[in-house]
Amino acid sequence: MVKSAKPRPVKIEGPLSDVAALPPRVAALREKILEACATRDVEALQAPIEWAETPPIFLRGPGRPRSFAEIVDFLRARAFDSDGIEMVDIMRAVFESPFARKVDGPFETWVWPADELLWPQVMDPRTVARLHTYVRFADLGASDAQGRALIHSAGVGRDGTWHWFTTNAVPAPSPRVTRP
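Residues numbered from 1 in each chain as written. Predicted model: local features only at pLDDT ≥ 70, side-chain atom pairs only at ≥ 80, totals over all residues. Heavy atoms only, no water.

(A) The arrangement of the packing of aromatic side chains in detail. According to the stated counting rule, one finds seven aromatic pairs in the structure shown. Measuring from ring centre to ring centre gives 4.6 Å for Phe80 and Phe137, while their planes differ by 55°; the resulting arrangement is tilted. With Phe80 in the loop between α3 (68-78) and α4 (85-96) and Phe137 in the loop between α5 (125-132) and β4 (152-157), the pair connects residues that are 57 residues apart, well separated along the chain. For Phe137, a relative accessible area of 48% translates into the label partly exposed. Among the aromatic residues, those joined into a ring-pair cluster are Phe58, Phe95, Phe99, Trp110, Trp112, Trp162 and Phe165. Over the face of the ring belonging to Trp51 we find Lys32, whose NZ or CZ atom lies 5.3 Å from the ring centre. (Phe/Tyr/Trp six-rings, centres within 6.5 Å; stacked < 30°, edge-to-face > 60°. Helix = DSSP H or I, 4+ residues; strand = E, 2+ residues; numbered from the N terminus. Buried < 20%, exposed > 50% of the residue type's maximum accessible area, 1.4 Å probe, protein only. Lys NZ or Arg CZ within 6 Å of the ring centre and 35° of its normal.)

What follows is the structure, given as structure tokens:
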């Protein structure tokens, strides 16, 4: 006889803005990411990306990079510009935003922006503008199944393992814009 799985209690705290509340390894990774973003050079992200034993998830679904070596080129290709600056700027906006703490049974994840888990109830112009700092140009106007903008979010485990930096849904492929 198979026992049915009991649902684990999920607790979400946030939005939080006091970075002193972050566990030390989470705070250290966030700082490394923001230092890399300050250069506006996608190559500078290589160090924080390689901090863990496995690469973070940068895309759900087909076409996602599966190795550390592929990630910088992937970020460059996803950006509107050919240098990856758009993705660096989105990452900076995400990691500078208020965050949330999600506890799912024994697992604790720190999530940026808090909007990913605690979607705003009031969509005034400031809120919409803030949410769009987390959206790629190619995804403007696109939405997930709930009608929410395709914002990027990031999750970091209590041990400082960077789990993901991706959108809240799998976007449709977008045409590549080239400039003369």
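(B) Highlighting the pattern of salt bridges. One pass over the structure, following the stated rule, counts 13 salt bridges. Here Arg158 ties to Glu108 by a salt bridge, and the two come within 3.0 Å at their closest N and O atoms. Within this pair, whereas Arg158 is found in the loop between β4 and β5 (162-167), its partner Glu108 is found in strand β3 (residues 107-112), the two being separated by 50 residues in sequence. Since its relative accessible area comes to 14%, Glu108 is described here as buried. A salt bridge links Glu116 to Arg148; the nearest nitrogen and oxygen atoms lie 3.8 Å apart. Here Arg148 lies in the loop between α5 and β4 and Glu116 lies in the loop between β3 and α5, a separation of 32 residues in the sequence. You'll find Glu116 and Arg148 in the same group, each marked buried. (Salt bridge = Lys/Arg side-chain N within 4 Å of Asp/Glu carboxyl O.)

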